[in-house]
Amino acid sequence: MRVRIFPVALGKIIYHASSSPNVEVAGLLLGKESRGAVEVWDAVTGPQEGHAGYVKLNEEVMATVAEKLIALGLDIYIVGWYHSHPGYGLFLSAIDVRTQLAYQALYSKSIALVIDPLRFLESGDISNIAFKVFRIDGEAGVVEVPTSIGMDRRKVLESTLAALKGLNIDNSFLLERPLVFGRAKQALADVSKKIFRREVVSKK
């Protein structure tokens, strides 16, 4: 199994994680399966409780997002979740493992993306963005899933348009928070430029 994440989704995750460098944040990954890979087209969030070392997304967020995706007629669905580990590495804690198993019970190929934004925030350099994607394998336990940034031009545009249409999904919780606008927006712009120059390489 492989994961392909598109720029708009990665940019929104960076944007969210950067907004709370001392507090864990979380959200949902939206996408679909294609050619043997799970593709992440978008990321959304909602009300949550978090502090250093812990975050819990409101239980109603998943149901609300699923309903609105159907209502909007978008051909994407919830393929997993993301959360930040600000300053303490990329792994799944015991609580994260239980959460991931719950996601995999709903969709067997669900993934968990963990991002640590601190090195990026300190440097402003996109190459310092640290994230990994995990799953739970029945025999091997927690396994890292090979992940790349999507470079297909048609799908970059499709995923961006889907994300824009999905703005009808309520992200007001995120927009109300103090956000690090400049660096996150620049990171997304840099990724997009590299994609259209065919220079993006897999980031693990």
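(A) View of the overall build of the protein chain. Counting secondary structure elements, the protein chain contains 7 helices and 10 strands. Relative to its full complement of 204 residues, the protein chain shows a buried share of 50%. Look at the contacts in the protein chain between residues 6 or more apart in sequence, and 73% of them connect residues 24 or more apart.

(B) Representation of helix α2 (residues 60-72). Helix length check: α2 (13 residues) gives 18 Å between terminal C-alpha atoms against 18 Å at 1.5 Å per residue, within 8%. V61, V65, L69 and L72 are the residues of α2 that are buried. Down the axis of α2, the buried set is contained in an arc of 75°. They therefore lie on one face. Turned more than 90 degrees away from the buried face of α2 sit E60, E67, I70 and A71, all of them exposed. Where α2 is buried, its residues touch β2 (26-34), β3 (37-44), β5 (54-57), β6 (77-84) and α5 (153-165). The first or second residue beyond α2 is G73, which carries a positive phi of 70°.

(C) Molecular detail of the nonpolar core. Ranked by size, the top nonpolar core spans 25 residues in total, and within it I5, I13, L29, V40, L113 and I115 carry the most contacts. Among the secondary structure elements, those contributing two or more residues to this core are β1 (2-5), α1 (7-19), β3, β6, β7 (111-116) and β8 (130-137). With 5 residues, the single largest contributor to this core is α1. Listed in part, the 23 residues of the second largest apolar core include L69, I76, Y103 and V156.

(D) Structural view of the pattern of salt bridges. In the structure shown here, the tally under the stated rule is 8 salt bridges. The shortest N-O distance in the salt bridge between E39 and R4 comes to 2.6 Å. Pair noted here: E39 is in strand β3 and R4 is in strand β1, with a separation of 35 residues, a long-range link. The buried category is assigned to R4, whose relative accessible area is 13%.

(E) Quick peek at the packing of aromatic side chains. If you walk through the whole model with that rule in mind, you get 4 aromatic pairs. Geometrically, the ring pair formed by W81 and Y103 is stacked, given 5.8 Å between the ring centres and 10° between the ring planes. Of this pair, W81 sits in strand β6 while Y103 sits in helix α3 (residues 94-106), and the two are 22 residues apart along the sequence. Each member of the pair, W81 together with Y103, is buried.

(F) Examining the sheet that holds β1 more closely. Strand order in the open sheet made by the 8 strands is β9-β8-β7-β6-β2-β3-β1-β10, with mixed pairing throughout. Across the chains shown, the open sheet's two edge strands, defined by having one partner strand only, are β9 (141-144) and β10 (147-149). Ignoring strand direction, the axes of neighbouring strands in this sheet form an average angle of 35°. Bridge count between β1 and β10: 3 bridges; the pairing is parallel. Note on β10: the bridge partner recorded for I5 is I149. Taken strand by strand, α3 contacts β2, β6, β7, β8 and β9, and its axis lies near 65° from that of β8.

(G) Inspection of the pairing of β3 at higher detail. Among the 8 residues that make up β3, 8 are buried, leaving the element largely enclosed by the rest of the structure. Pairing analysis gives 4 bridges linking β1 to β3, with the strands arranged parallel. Opposite R2, over in β3, you have A37 as the bridge partner. When β2 meets β3, the two strands line up antiparallel, connected through 7 bridges. Within β3, the residue paired with L29 across the bridge is A43. A loop of 2 residues connects β2 with β3, the two strands running antiparallel in sequence, and R35 in this loop sits at a positive phi of about 50°.

What counts and what doesn't
Residues numbered from 1 in each chain as written. Predicted model: local features only at pLDDT ≥ 70, side-chain atom pairs only at ≥ 80, totals over all residues. Heavy atoms only, no water. Helix = DSSP H or I, 4+ residues; strand = E, 2+ residues; numbered from the N terminus. Buried < 20%, exposed > 50% of the residue type's maximum accessible area, 1.4 Å probe, protein only. Contact = heavy atoms within 4.5 Å. Expected span 1.5 Å × (residues − 1). Arc of directions from axis to C-beta. Core = buried A, V, L, I, M, F, W, Y, C linked by side-chain atoms within 4.5 Å. Salt bridge = Lys/Arg side-chain N within 4 Å of Asp/Glu carboxyl O. Phe/Tyr/Trp six-rings, centres within 6.5 Å; stacked < 30°, edge-to-face > 60°. Pairing = 2+ DSSP bridges. Axes fitted to C-alpha atoms, helices over the stretch in contact; angles between N-to-C directions.

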